[in-house]
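# A look at the structure
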Amino acid sequence: MLHIHGLCKQFGEKILFEEAEAHLGYRSRVALIGPNGAGKSTLIKIILGLEQPDAGRVSKASHLMIGYLPQELPRFSGRTVLEEVMRLDGRRTELITARQELEASFAEEAGGGDAAAADLERYGRILEELEHLDEYRLEARAKTILSGMGFAPSDNLRPLTEFSGGWLMRVALSRILLMDPDLLLLDEPTNHLDLESVLWLEEFLRTYRGAMMLISHDSAFLNRIVQEVIEIDQKRLWIYRGNLDAFATQKEERLQVLRAQYKGQQAKIAEIEAFVARFGAKATKARQAQSRLKQLDKMERIELPDDRSTVRFRFPPAPHSGREVVTVKSAAMRYGEKTVFRDLDWVIQRGARIAIVGVNGAGKTTLLKLLAEKLAPTSGVVKLGHEVRIGYYSQIQTETLDPDKTILQELEAIAPEMAVSRVRAIAGAFLFTGDAVEKRCAVLSGGEKARVALAKLLLSPSNFLILDEPTNHLDVESRGVLLDALQDYGGTLCLVSHDRAFVTSLVDSVLEITPSPEGSRVVQLLGSYEDYLDRKLKEVVGTVLRESSSTEKSSSISVKGEGPSNNQRRAWEREKEGTVAEITALEKEQAELRELMADVATYQDKEKAFALIQKQKTIESQLGAKLSRWEELCSLLGEM
């Protein structure tokens, strides 16, 4: 489907690729990995044709449809959520417009005009492509995907201007999934998703019919989906079979062999250089010395990968606090008429390590802000214990950075007693190396600001850490730095994160927030975080299986009262069986018509072609009506 041949790319003095090779098949499931700056985004842009290689090429199958989700927030117009998702990549609108124009043209020509065979053939291709898009089920599919992405049914008709950047990224992802392209290129697709949506996306992608290339720092997400890893390293693309765990094992085996070869080659080089140094000036040995020098020149030197071992450090010792770190009594939080939660009673004991879980909008961030004293409860009490010192990281923590200060100055202000070399090392752990620490905070990207704020937090003495999605903007190495530091942290920890591998190794208890119109329920779960994950995964798998085993409903119908009588149910069931039979017959007839209309010979007889077109339109109308009635009956019977 897609081949990368001898790819070379250089920016200034930095060489990204030299003779890079790779291949993606129609069912490839690939993780694209490599350190920041290795060239992942550049490779994606070359595949998309947005960037040109210096040498080599990317060859693609003809008519290959690619769906691409960048990390940057796309620009949206004034559409509603559902309208934007159903717009796909604009192709559906183009097809429908072209179909309508041709039909209007055919209507005029039917009165005596002469339709060109090329127009008739084009019309057949348009109908075939619309059929591939599953035009008549498109809205139902769109609503199913939006539901999986966390949108409520009432959100579908809301304008995009009412949503934050994170929700707009979900809209962009939903649109790409609905496109059903041959190849998905997704760059950090889970960054703005809660756990439920991440699990739903996993199940969706596991059953996806096309190929995909994923860039993600969520190792649990990749491990469940990918079957191949492409690593950008040493200016090449290294291919590994299996998921991330298999990649780690195979890479270490490759590096062991490479290190042994390197060691042997270095010994050989040292031996040759010693011979030349010893005998190069002697007439009797000069020819042999020159021969050895030529041997050195021709030798293809083995290079070891850069040592990317990152700095490891500990938090400052946590000051001792009282046994009860936070006491919450009858607390409620309201915004205007909306109750986030109420009647919350909770005590956090010293040394507890707690994950707060729940869908987006349930109140997780609000609860963290209450604990961090960034918000006061509407009623009730939130009281800190004796000598509690808070370290708080929020997703908008970047607003606290001084735009006129450099990164180094921001960090030094937190730990003035620490050696500059140590501060620089910690900055390096969060990807700020060399002159990068001299950049002013005003010019940093959102992700860079988040990393500075996190590094500041890790330099501050505290005994109660409150973290809201701390790994969102971290690469694998920086995430490892933070994880190691938190595992050794001696204080109390409370965090919100959808990074399962990260959370699993840190917490010993789980607090679940479940939203409701009267205010969210906050419950301390009895099991472990692994138990919670297992329950959520089963729920999501069941939902996806139900969705895939039946046609998604296009609209929900509520049946009031005590429910249908037995006679009503039997009548609906009989009608449903008959409707299914009629749909099957219409779809079979439609498929036969599609084959005829795909045959060029059909358009030699214009009368026959017009008749087929009219028949196709009639079947489309009948099929749409039958599908709507089938969905209605399924809803009435409580099957949807």
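Residue indices follow the written sequence of each chain, beginning from 1 at its first position. Predicted model: local features are reported for residues with pLDDT of at least 70 only, side-chain atom pairs are reported and counted for 80 or more only, and whole-chain, interface and lining totals are derived from all residues. Excluding hydrogens and water, the side-chain figures rest on all heavy atoms present in the structure.

## Focus: the confidence of the model for the chain
The quantity called pLDDT is the predictor's confidence in a given residue, expressed from 0 to 100. When the pLDDT values of the chain are averaged, the result is 84; 90% of them are 70 or greater. Residues count as neighbours in contact if any of their non-hydrogen atoms are within 4.5 Å of one another. In the predicted structure, residues 550-562 sits below a pLDDT of 50 and forms 22 contacts with residues beyond four places in sequence or in another chain.

## Regarding the pairing of strand S15 (residues 464-468)
Of all five residues in S15, five are buried; the element is thus mostly enclosed. With burial as the criterion, each face of S15 is covered, one bearing Phe464, Ile466 and Asp468 and the other bearing Leu465 and Leu467. When strand S14 (residues 390-393) meets S15, the two strands line up parallel, connected through four bridges. For Tyr393, the partnering residue across the bridge sits in S15 and is Leu467. Examined bridge by bridge, S15 and strand S16 (residues 492-496) share five bridges and lie parallel to one another. Throughout, exposure labels follow a simple rule: accessible area from a 1.4 Å probe, protein chains only, divided by the maximum for the residue type, with under 20% read as buried, over 50% as exposed, and the rest as partly exposed. Only runs of H or I of at least four residues qualify as helices and only runs of E of at least two qualify as strands under DSSP, and these elements are numbered from the N terminus. Pairing between strands is defined by DSSP: at least two bridges between the two strands are required.

## A short note on empty space enclosed by the protein
The way it works is a 1 Å grid over only the protein atoms, where trapped points that fit a 1.4 Å probe form a cavity and open points with protein on both sides within 12 Å along at least five of seven lines form a pocket, and then any residue with an atom within 4 Å of a point lines it. Grid points are joined across faces, edges and corners, and a volume is the space filled by probe spheres set on the points. Throughout the structure, instances matching the rule amount to four cavities of 30 Å³ or more. Its volume calculated, the largest cavity comes out at about 80 Å³. Around the largest cavity sit Glu188, Thr190, Asn191, His217, Asp218, Thr471, Asn472, Leu474, His498 and Asp499, which together line it. Each residue is assigned to one of three groups, with Ala, Val, Leu, Ile, Met, Phe, Trp, Tyr, Cys and Pro labelled nonpolar, Asp, Glu, Lys and Arg labelled charged, and all others, Gly among them, labelled polar. Per-class residue counts for the lining of the largest cavity are one nonpolar, six polar and three charged.

## Here's the deal with a negative patch on the surface
There is a patch of like negative charges on the surface, built from Glu18, Glu19, Glu21 and Glu303. Its location among the elements puts Glu19 in strand S2 (residues 14-24). The exposed category is assigned to Glu19, whose relative accessible area is 55%. Patch definition: residues with relative accessible area over 30% and no salt bridge; like charges joined within 9 Å; nonpolar side chains (Val, Leu, Ile, Met, Phe, Trp, Tyr) joined within 5 Å. Method for areas: the Shrake-Rupley scheme with a 1.4 Å probe, in which residue coverage is limited to the protein chains shown. Just to be clear on terms, a salt bridge is a Lys or Arg side-chain nitrogen sitting within 4 Å of an Asp or Glu carboxyl oxygen. Residues counted as positive are Lys and Arg, residues counted as negative are Asp and Glu, and His and the chain ends are not counted. We put the charge of a Lys on NZ, of an Arg on CZ, of an Asp on CG and of a Glu on CD.

## Some details on the pairing of strand S10 (residues 324-335)
In the sheet, S10 pairs with strand S11 (residues 338-349) via eight bridges, with the strands oriented antiparallel. Pairing of Met333 across the sheet is with Phe341, part of S11. Note that S10 and strand S13 (residues 379-384) share five bridges and pair antiparallel. For Thr327, the partnering residue across the bridge sits in S13 and is Lys383.

## Comments concerning the sheet that holds strand S1 (residues 2-11)
Pairing is antiparallel in the open sheet, where three strands are placed in the order S2-S1-S4. Every other strand in the sheet has two partners, leaving S2 and strand S4 (55-60) as the edge strands with one partner each. Taken over all neighbouring pairs, the strand axes of this sheet differ in orientation by 20° on average, direction set aside. Pairing geometry for S1 and S2, over seven bridges, is antiparallel. Each residue of the ladder has a partner; that of Phe11, found in S2, is Lys14. Lying over the sheet, helix H1 (residues 40-48) contacts S1, S2 and S4, oriented at roughly 125° with respect to S1. Axis geometry follows a simple rule: fit a line to the C-alpha atoms, using only the stretch in contact for helices, then measure angles between N-to-C directions, giving values from 0 to 180 degrees.

## A closer look at the sheet that holds strand S8 (residues 228-233)
Strands sit in the order S5-S6-S7-S3-S8-S9 across an open sheet of six strands; the sheet is mixed. Taken across any chain shown, the strands that pair with only one partner, and hence form the sheet edges, are strand S5 (66-69) and strand S9 (236-241). On average, each strand axis in the sheet is tilted by 15° relative to the strand beside it, whichever way the strands run. Across six bridges, the pairing between S8 and S9 is antiparallel.

## Description of the side chain of Ser174
Inspection of the secondary structure assignment puts Ser174 in helix H6 (residues 165-179). Throughout this description, a polar contact denotes any pair of N or O atoms lying within 3.5 Å of each other; where both atoms belong to protein, one of them has to be capable of donating a hydrogen while the other can accept it, and for residues adjacent in sequence the pair is counted only when both atoms sit in side chains. One polar contact links the side chain of Ser174 to the main-chain carbonyl oxygen of Arg170, over a distance of 2.8 Å.

## Considerations on helix H7 (residues 195-206)
Residues that lie three or four places apart on an α-helix share one face, since the helix turns once every 3.6 residues. Here the expected span of a helix is defined as 1.5 Å times the quantity of residues minus one. A rise of 1.5 Å per residue sets the reference length of H7, with its 12 residues, at 16 Å; its end C-alpha atoms lie 16 Å apart and thus fit the reference within 8%. The buried fraction of H7 is high, at 11 of 12 residues. Taken together, the buried positions of H7 are occupied by Leu195, Glu196, Ser197, Val198, Leu199, Trp200, Leu201, Glu202, Glu203, Phe204 and Leu205.

## Looking at the pattern of salt bridges
Counted under the stated rule, the structure contains 32 salt bridges. When the shortest N-O distance is used, the salt bridge between Glu196 and Lys536 registers 3.4 Å. Taken together, the residues span a long stretch of sequence, with Glu196 in helix H7 and Lys536 in helix H17 (residues 529-549) at a distance of 340 residues. With respect to burial, Glu196 and Lys536 carry one shared label: buried.

## Brief notes about the packing of helix H5 (residues 138-148) against H6
Their axes nearest at 10 Å, the elements H5 and H6 cross at an angle of 135°. Classified by the angle their axes make, H5 and H6 are oblique. Of the two elements, H5 crosses H6, and the hand of that crossing is right-handed. Between H5 and H6, the contacting residues are Leu138, Arg141, Ala142, Ile145 and Leu146 on the first element and Ser174, Leu177 and Leu178 on the second. Along the lines of polarity and charge, the residues of the contact of H5 with H6 split into six nonpolar, one polar and one charged. Should an angle lie under 35 degrees it is considered roughly parallel, over 145 roughly antiparallel, and from 65 to 115 roughly perpendicular; all remaining angles are considered oblique. Crossings are assigned a handedness: left-handed for a near helix turned anticlockwise from the far helix by less than a right angle, right-handed for a clockwise turn.

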